[in-house]
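# Summary of the model geometry
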Amino acid sequence: MEGEKTSPSSGFKSDLSGSYAREGTSVTLSTKMGTGAGELLAKIDAGMLGRTLLEAAGAARIGVTVTLVDTPVPRNVYVSEAAADLLGWPVEELLQRDPLQNIASRDLGQARDRLAQRAGGEQGQRTYELLAVRKDGREIALDVTASHATFEGRPAVVAFLIDASARREAEAQKLHNEARFRELIESAPEPIGIIRGG
């Protein structure tokens, strides 16, 4: 393929569209890359880039999954250790389970709709919050960013998962602080004015 870079050491191939392949397995991400991203990919060994990105995601506690969406039941073909830790399941079990079984009933309908859109080739909503159910039955809020992909020529979704509990706690604390401030101002015996910039 024209514009393709092959790394003999890794067995990966990379083209400027963001595709990569390894030993007969290929994944193509349909992402919009910024100016110069194609030139950057042409200079970087794709195998090294893929490993580095997955290592960085793991170090940042960001889970990564790749899910086929063209089957009657979606199927995970890749689950990172960080994703398994967030979901509270061993990687091997997550690879065998229907990924929809890990979603709380509250969000299950929307998750099915998103998968149907992606199976039909639509990008759909890229970033959203999802309530998942861990193996121990506890629910965990996740911030999910997903992108349409192809895996060995089949439609798939690459998803990045982040524990949303810290963000939710910060938002709850902010609302509590705002309510407390409002209560303090409203109950003050003297008028209080706030002057900004001066």
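In case you missed it, the structure is sitting above this.
Basis of the calculations
Residues numbered from 1 in each chain as written. Predicted model: local features only at pLDDT ≥ 70, side-chain atom pairs only at ≥ 80, totals over all residues. Heavy atoms only, no water. Helix = DSSP H or I, 4+ residues; strand = E, 2+ residues; numbered from the N terminus. Contact = heavy atoms within 4.5 Å. 1 Å grid on protein atoms, 1.4 Å probe; cavity = no way out; pocket = protein on both sides within 12 Å on 5 of 7 lines; lining within 4 Å. Points joined across faces, edges and corners; volume = space filled by probe spheres on them. Nonpolar A, V, L, I, M, F, W, Y, C, P; charged D, E, K, R; others polar.

### Some words on the environment of Val66
Here Val66 lies in strand β5 (residues 63-68). Val66 sits 82 residues away from His148 along the chain, and the two C-alpha atoms are 9.8 Å apart. Once residues within four sequence positions are removed from consideration, Val66 is found in contact with Arg75, Asn76, Val77, Tyr78, Ala156, Val157 and Val158.

### Topic: empty space enclosed by the protein
Enumeration over the complete set of coordinates arrives at one cavity of 30 Å³ or more. By volume, the largest cavity is sized at about 370 Å³. Together, 22 residues line the largest cavity, and Thr65, Thr67, Pro99, Ile103 and Leu130 are the ones closest to its centre. Looking at the lining of the largest cavity, the elements that each hand over two or more residues are β5, β6 (75-79), α5 (105-119), β7 (127-133), β8 (139-151) and β9 (154-163). Looking at the lining of the largest cavity element by element, the count peaks at four residues for α5. Residue classes in the lining of the largest cavity are distributed as 16 nonpolar, four polar and two charged.

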